[in-house]
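Observations on the model geometry
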Amino acid sequence: MYLTREQERMLNGEFGWVVAKAMSIIVKTGEALGATKLVEVAHAHVSGVSYSNILDPGLEFIRSLLLGGGRARVYTTVNPGCVDYSGLSELIDGSYARKQAVIDDSLIKMGFKPVFTCIPYYHRPPAQGEFLAWGESSAVAVANSVFGASTNREGGPLALASALTGFTYYAGLHVPGNRVARVLVHVKDPRVRGNPGALGLWLGYRVREIPLVRGAGQGLADLKIMLAASAASGSHALVVLEGVTPRGFYSTDFVDRVEVEWGDVEEYIGTEPGGGSVLGYLGCPHLYPWEFLEVYRQVVKRGVLPRDRRLLITIPVEVFEKHYSEVLRLRRLGVDVAAGTCPVVSRLTRVFDHLVTNSGKAVFYLSKQLKANYYLTNTLGVIRAVYGERAG
Amino acid sequence: MRERVRVLVDGDCRAPLRVYNDYISFFGEVDPATGTLKAVGEQIAGVALAFRGGRGSTVGSYVIYALKYYGREPSCMLVEEPEPIIITGCIMADIPLFQVRKGFLEEVGSKRAVLVHEKGRDYVELHFE
């Protein structure tokens, strides 16, 4: 691989062992993927910061980088941790708080911005064509597919290494020739479009190559749900969205065309809850302020939640700070709002018989973990289900 | 049988081959503390783990690193489709990683074999039982 003099000096340890280690992770990963050079990134987003996911090995690794003198060389944001930073949630287990605090302290002292969210594009929307090094598979898919920026699905440590060096390897989706959609996926049925979580799961399970999706809708709220699900069940880092993905940042060469019908996605939606306890969940990926306020309006309109039904909403820390009074009002109605975390990267304090959510990604990770039945619907469907209203 | 591979992370490996003909999200599908592949309830510690490639969460690299930390890591891994999450995890954990040609997993299937790779070579040897 070609390295500039500065990059070589970094790799050789002239900037300390942390930079050398970070550089070596990037160079070796890049070489394995056929990269011939490194490029500067505009924004690193570090995933793999939740103690309940990375445990002591990850904690010690991150801590050692701080103690070794590691500092951010580029704008860097941080994924959710495993504790609720509002301190108000009853459903998110706070027992790892001290371990998480060690991780957070390390990240903050290295100069990373402690946004604790999986939607870093809320804090800094990427520019078209910009090089990024992002972990968090859902954010990667949104950056490539919606914003027309370029990032590979970096593992957590690699995004961290990019934060400490300012570089990533030039391969994969950074190379225009690899951003080619091969499968045309046509969504005609409005029921399919209306359940982006299920559509995303289908895309991830059934389509292996880069798809171009026609007719998926244009709203960012639904698109991020669909992209998150397809990145969880498959490995999609780029899903070309007709009418959304900026032209010039992808090309097409179709080898296959399919139409997704309701019958295809139906197997992913689970069953509507009957009796028993129900957990409604919204906020995977985290909600934008405007999404949160829409949910707030829908809930306030309906009043106190029925017995044995809870609704959990997860939002970025900043949205909590801006809408503190709304969070308190929701709490009085039985709604649990957690900031800077989510059930995928933490543990819940209690079990439920049924999980109802709009997130295919949450279903992918939580249905096994919680051993609960699940029902995958859209945002309004979740609110209706927790209030025991009939669908339709 | 000798099989040419593309060496992604080099290192010696001698271990029983275990073929899992699917993609793996190390986060969620593998328990790092016990080295269990949850979908099949089998141990991956100390085996040459061959699978199609990675999927799912970007936390996967840390799970591979944690497998090593707890001493439950595979002796080496073979994938048909390499991707950054697994490569970075193997580099951090110093687990040899090889890319095999498409169709290799199906050919070998459930046959019992011991896989041997010597550092510096561009192939692996399979000794069938």
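The structure under discussion appears in the preceding block.
Residues numbered from 1 in each chain as written. Chains lettered and ligands numbered in written order. Predicted model: local features only at pLDDT ≥ 70, side-chain atom pairs only at ≥ 80, totals over all residues. Heavy atoms only, no water.

All names here are of chain B. Spatially, the 3 strands line up as an open sheet ordered β4-β5-β6, and their pairing is antiparallel. Each edge of the sheet is formed by a strand with only one pairing partner; in this case those strands are β4 (30–31) and β6 (42–43). Of the pairings in the sheet, the one linking β4 to strand β5 (residues 36–37) comprises 2 bridges and is antiparallel in character. Directly across from D31, in β5, lies its bridge partner T36. (Pairing = 2+ DSSP bridges. Helix = DSSP H or I, 4+ residues; strand = E, 2+ residues; numbered from the N terminus.)

Okay, the interface of chain B and chain A next. Tallying the contact residues gives 28 residues for chain B and 41 residues for chain A. Here chain B meets chain A over a buried area of about 2,600 Å², counting both sides, of which 63% is carbon and sulfur. The tally of links between chain B and chain A comes to 1 salt bridge. For A:R208, the salt bridge is made with B:E81, and the minimal N-O distance between the two is 3.3 Å. The tally of links between chain B and chain A comes to 12 residue pairs in polar contact (both at pLDDT 80 or more). Only β2 (6–9), α1 (26–29), α2 (60–69) and α3 (84–93) of chain B provide two or more residues apiece to the side of chain B that touches chain A. In terms of residues, the side of chain B that touches chain A owes the most to one element, α3(B), which gives 6 residues. Of the residues contributing to the side of chain B that touches chain A, the split by class is 16 nonpolar, 7 polar and 5 charged. (Contact = heavy atoms within 4.5 Å. Buried area = accessible area lost by both parts, 1.4 Å probe. Salt bridge = Lys/Arg side-chain N within 4 Å of Asp/Glu carboxyl O. Polar contact = N/O pair within 3.5 Å; in protein donor to acceptor, adjacent residues only side chain to side chain. Nonpolar A, V, L, I, M, F, W, Y, C, P; charged D, E, K, R; others polar.)

Next up on the list: the sheet that holds strand β9 (residues 251–260) of chain A. Residues and elements named next belong to chain A. Reading across the sheet, the 4 strands line up as β8-β7-β6-β9 and stay open at both edges, with parallel pairing between neighbours. Whereas interior strands pair on both sides, the edge strands pair on one side only; in this sheet they are β8 (240–241) and β9. Of the strand pairs in this sheet, strand β7 (residues 211–214) and β8 are connected by 2 bridges, and their pairing is parallel. When the sheet's bridge partners are listed, L212 is paired in β8 with V240.

Residue and element names in this part refer to chain A. Two elements in contact, helix α3 (residues 51–67) and helix α4 (residues 97–109), have axes separated by 9 Å at closest approach and are oriented at 40 degrees. As judged from the angle between their axes, α3 and α4 are oblique. Note that α3 runs across α4; the crossing there is left-handed. From α3, Y51, I54, D56, L59, I62, R63 and L66 reach across to α4, where they touch K99, Q100, V102, I103, D105, S106, L107 and K109. In terms of residue class, the contact of α3 with α4 is made up of 8 nonpolar, 2 polar and 5 charged. (Axes fitted to C-alpha atoms, helices over the stretch in contact; angles between N-to-C directions. Parallel < 35°, antiparallel > 145°, perpendicular 65-115°, else oblique. Left-handed = near helix turned anticlockwise from the far one by under 90°.)

This next bit is on the nonpolar core. Membership of the largest hydrophobic core comes to 164 residues, with the highest contact counts inside it found for A:I313, A:I315 and B:F26. In this structure A:I313 touches A:L282, A:L287, A:F292, A:V295, A:L330, A:V335, A:D336, A:V337 and A:A338, once residues within four positions along its chain are discounted. Judged by nonpolar contacts, the second largest core, of 17 residues, contains B:V19, B:V100, B:F104 and B:L105. (Core = buried A, V, L, I, M, F, W, Y, C linked by side-chain atoms within 4.5 Å. Buried < 20%, exposed > 50% of the residue type's maximum accessible area, 1.4 Å probe, protein only.)

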